[in-house]
Amino acid sequence: MERDSRPLILVCNDDGIEAPGIAALVAAVHDIGDVFVAAPIREQSAVGHAITVRDPVRAQPWPFRSPSGSVPAWAVSGTPADCVKLAIDKLLPRKPDLVVSGINQGPNTAVNVIYSGTVSAATEATMLGIDAIAFSLCSWRGGDFESAGRWAARIAGHVLTSGLPDGILLNVNVPDLPYDRIRGARVTRQARSRWEESFHERRDPLDRPYYWLTGRFVNLDEGDNTDLHAIEAGYVSITPVHHDMTAHEHLARLGSQAWDEEPTP
Ligand code: MN
């Protein structure tokens, strides 16, 4: 891809503009492009692809500093998808060459992709015709964001050079390991998995019950080409993702069924 100027890179996340992961991602991609930040002012984890339609969305300039200086940034009152839409329509000087989202605190592997605000920011970019990558660090608390940042810079560099297929984002999960202990990168598919969930019932000060979702993540997939398998083996997992949720492999069989006739018992 030939370009007259440095690439413009929009950085977003779902953990909020003050999260350590977005600082690490900005620092990581600062050398390879002109970086702009548009991120939620408050944490928006697990909001999926929600957008704000019944309330105004506000964007305030934010004093975002990276090791290499200050970075143009806006804190946005909405969701990750709102941030990307608004930045591209109103905030940025031109259409970005790349949108990167993260680095999320916690993995976005397997079934979790559907809940992920981090991935949805990248999805929104692909829907607007822009290459995008979602980055997550496989640690729920703290972890080696510096190592994940170095992988983010490497993978973003590849995408800036080679581009991505139309409508496809890369969902990247990085094991929480020092850089020199990560064994490499693998292209993977989402593992089949589910949450065994239940709600804790608690009592508020007026003795009314309230509920708090909790659960245990279960991997149902023995495959050796999954995101979960790669992470467990110490590799960076790169999963190509698209937002077309059509079950293409079932179109023919379901299409041959006479849906417009009364069912025969
Ligand atoms: Mn998050």
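Nothing here was measured: the structure is a model prediction, and the numbers come from that model.

## Things to note about unusual backbone geometry
Part 1 of the reasoning: Cis geometry is adopted by the peptide bond preceding Ile103, which originates at Gly102 and carries an omega value of -10 degrees.
Part 2 of the reasoning: Position of Ile103 relative to the elements: it lies in strand S7 (residues 98-105).
Part 3 of the reasoning: Of note in this structure, Ala46 is not a glycine but carries a positive phi near 65 degrees.
Part 4 of the reasoning: Considering the arrangement of structural elements, one finds Ala46 in the loop between strand S2 (34-40) and strand S3 (59-61).

## Focus on the coordination of the manganese ion
Part 1 of the reasoning: Of the protein atoms, only Asp14 (OD), Asp15 (OD), Ser45 (OG) and Asn104 (OD1) coordinate the manganese ion, at distances of 2.1 to 2.3 Å.
Part 2 of the reasoning: Read N to C, the donor residues that coordinate the manganese ion are spaced as D-D-x29-S-x58-N. In this pair, Asp14 is assigned in the loop between strand S1 (8-12) and helix H1 (20-29) and Ser45 in the loop between S2 and S3, connecting sequence segments 31 residues apart.

## Digging into the pattern of salt bridges
Two side chains of opposite charge can pair, provided their charged atoms sit close to one another.
Part 1 of the reasoning: Within this structure, the stated rule accounts for ten salt bridges.
Part 2 of the reasoning: Across the pair Lys90 and Asp89 runs a salt bridge whose closest N-O atoms are separated by 3.6 Å. For the pair shown, Lys90 and Asp89 are each scored as exposed.
Part 3 of the reasoning: The salt bridge partner of Arg203 is Glu201, with a shortest N-O separation of 3.1 Å.
Part 4 of the reasoning: Relative accessible area serves as the criterion here: at 49%, Glu201 is assigned to the partly exposed category.
Part 5 of the reasoning: The network of salt bridges with shared partners includes Arg189, Arg192 and Asp221.

Rules of the game
Residues numbered from 1 in each chain as written. Predicted model: local features only at pLDDT ≥ 70, side-chain atom pairs only at ≥ 80, totals over all residues. Heavy atoms only, no water. Helix = DSSP H or I, 4+ residues; strand = E, 2+ residues; numbered from the N terminus. Donors = N, O, S within 2.8 Å, 3.2 Å for Na, K, Ca; no water. Salt bridge = Lys/Arg side-chain N within 4 Å of Asp/Glu carboxyl O. Buried < 20%, exposed > 50% of the residue type's maximum accessible area, 1.4 Å probe, protein only.

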